[in-house]
Amino acid sequence: MSTNLRIDGERLLSRLAALSRIGATPEGGCRRLALTDEDKQGRDWLVGELKALGLDVRVDAIGNIVGILKGQEDGPAVIMGSHIDTVGTGGRFDGALGVIGGVEVLAALRDAGVTPKRDMAVIAFTNEEGARFHPDMLGSYVWAGGMSVEAAHAEKDSDGAGLGSELKRIGYHGAEQPGFLPAHAYLELHIEQGPVLESEGGGLGAVTGIQAICWLELTLTGRPSHAGTTPMRYRKDPGLAAARINIFANELTKTIPGQLANSGVIRTWPGNVNVVPETVVMTLDLRNPLDAPLAEAEAAVRKFCAELSARDDISISFRDLARFPATPFAEELIASVEASAAEFGLPIRRMISGAGHDAQMMSRLCPTAMVFIPSIGGLSHNPAELSSDDDMVAGANVLLSAAWRAANA
Ligand code: HGY
Ligand code: MN
Ligand code: MN
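All figures in this text were calculated on a predicted structure; none of them were measured in a lab.

**Some details on the packing of helix α1 (residues 9–20) against helix α12 (residues 389–408)**
Next up, step 1: At a minimum axis distance of 10 Å, the contact between α1 and α12 shows a crossing angle of 110 degrees. On the basis of their axis angle, the class for α1 and α12 is roughly perpendicular. When the axes of α1 and α12 are compared, the crossing they make is right-handed. Mapping the contact onto sequence places Gly9, Leu12, Leu13 and Leu16 in α1 and Asp389, Met392, Val393 and Ala396 in α12.
Next up, step 2: Taken together, the residues of the contact of α1 with α12 sort by class into six nonpolar, one polar and one charged.

**Quick look at the site of ligand 1**
Next up, step 1: Looking at ligand 1, the residues that line it are Glu128, Glu129, Asp136, Trp215, Arg287, Ala355, Gly356 and His381.
Next up, step 2: Here Gly356 contributes a backbone N or O atom positioned 2.7 Å from an oxygen atom of ligand 1.
Next up, step 3: Here an oxygen atom of ligand 1 and a side-chain polar atom of His381 are 3.3 Å apart.
Next up, step 4: With the chains in place, 96% of the 210 Å² that ligand 1 exposes on its own is no longer accessible.
Next up, step 5: Tallied by class, the residues present in the shell around ligand 1 amount to two nonpolar, two polar and four charged.

**A word on the coordination of the manganese ion (ligand 3)**
Next up, step 1: Distances from the manganese ion (ligand 3) to its protein donors, Asp94 (OD), Glu129 (OE), Glu129 (OE) and His381 (NE2), fall within 2.1 to 2.5 Å.
Next up, step 2: Look at where the donors of the manganese ion (ligand 3) fall in the sequence and you get D-x34-E-x251-H.
Next up, step 3: Metal-to-metal, the separation of the manganese ion (ligand 3) and the manganese ion (ligand 2) is 3.6 Å; Asp94 coordinates the two. Here the residue Asp94 occupies a position in the loop between β3 (77–83) and α3 (96–112), and His381 occupies one in the loop between β16 (368–373) and α12, the gap between them amounting to 287 residues.
Next up, step 4: Here Asp94 falls in the buried class, since its relative accessible area comes to 6%.
Next up, step 5: According to the relative accessible area criterion, His381 is partly exposed, its value standing at 37%.

**Topic: the domain arrangement of the protein chain**
Next up, step 1: Splitting the protein chain by domain gives domain 1 (9–211 + 326–408) and domain 2 (212–324).
Next up, step 2: Spacing between the C-alpha centres of domain 1 and domain 2 amounts to 33 Å.
Next up, step 3: Counting from both sides, the interface comprises 18 residues of domain 1 and, opposite them, twelve residues of domain 2.
Next up, step 4: For the pair domain 1 and domain 2, the two sides together bury roughly 1,100 Å², of which 58% comes from carbon and sulfur.
Next up, step 5: A per-residue breakdown of the area domain 1 buries against domain 2 is headed by His134, Gln211 and Ala326, which together make up 48% of the total.
Next up, step 6: Remark: the boundary between domain 1 and domain 2 carries zero salt bridges.

What counts and what doesn't
- Residues numbered from 1 in each chain as written.
- Chains lettered and ligands numbered in written order.
- Predicted model: local features only at pLDDT ≥ 70, side-chain atom pairs only at ≥ 80, totals over all residues.
- Heavy atoms only, no water.
- Axes fitted to C-alpha atoms, helices over the stretch in contact; angles between N-to-C directions.
- Helix = DSSP H or I, 4+ residues; strand = E, 2+ residues; numbered from the N terminus.
- Parallel < 35°, antiparallel > 145°, perpendicular 65-115°, else oblique.
- Left-handed = near helix turned anticlockwise from the far one by under 90°.
- Contact = heavy atoms within 4.5 Å.
- Nonpolar A, V, L, I, M, F, W, Y, C, P; charged D, E, K, R; others polar.
- Near = heavy atom within 4 Å.
- Polar contact = N/O pair within 3.5 Å; in protein donor to acceptor, adjacent residues only side chain to side chain.
- Areas by Shrake-Rupley, 256 points an atom, 1.4 Å probe, with all protein chains shown as cover.
- Donors = N, O, S within 2.8 Å, 3.2 Å for Na, K, Ca; no water.
- Buried < 20%, exposed > 50% of the residue type's maximum accessible area, 1.4 Å probe, protein only.
- Domains from an automatic or database assignment.
- Buried area = accessible area lost by both parts, 1.4 Å probe.
- Salt bridge = Lys/Arg side-chain N within 4 Å of Asp/Glu carboxyl O.

As structure tokens, this is what we get:
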């Protein structure tokens, strides 16, 4: 069903520019860590935009912000969404494009004076990045019933601030029960955040699914000692152990097909130049398109740590920060995204997502798919994150077409 519906590209880009001014960093990116004052400012701005559109605006108990356009019939809604929180070195488009794209779809329908058969909605999910609170995709995970509101509220950041108290502090502990709006289908527009589309000369991505992810936090405890007087053979150095673990995880990426690994957090205590540390807290981000090799990689890391601990007398404890299986999307919705791209004469190719997204959680509830646009230089989680205006407008038009089709099928 081709429609002559189009988004207003200028309005899309100007909303993106407005949001990117909130939490703007000197390097040209955005820093809106979940539930910080910058995130609150972004939330307040978004709620204002949704209300100005005349949408029914709700906030749930985990802070997910929902804007609803009433359809002709009652029943499950076609939902679009993403997130407006960022990592510490965030760019302007990760998450924001999907939320603002969804807002623009609903605005375009208003402009066209058309009412879909089904309700349509846009959701900005809380703490998608998992940079401050764990796990990532937390708001959509609670929305999809994977985690209770109570358990989510009990999560604490590395300074001990509680998620629930932060939510209340910024005024986004809403009344609605997460998942209150039944979903007929979910579509998410997002930047690819990698080099694939650009390396193939551009075009869009019809995302077929999301790879499996495992985030581990390791606490290593040795014995603090003087860095000048303690002979090497007497040392119990968790800093050295952490380096060995990091290298071991990296070596696994050379032997296990598709395996990714990195350590994004390494904190030593007491953190003095002349003290062999007492403790090190480090994280491992392990990912693989398939569940089985990821489980193999995790088991190998745990075995390596057990042997290291026994040999070097360093105690090592683990804490799961996130663990989500590889998630395939719905064939009929992937095909609909492809059909929408064809309507606009846009090249599109199927691909898996390397990054986690709220779509990973929404696929537990309903048929789900994503639309990717190219990332220039394949950069993301970096202030220099960039996509072309044309690609952002193209992606939003594909989102409009696929969402409209799902809302009237
Ligand atoms: O880590 C991820 O893949 C996402 O950016 N939260
Ligand atoms: Mn994202
Ligand atoms: Mn991200």
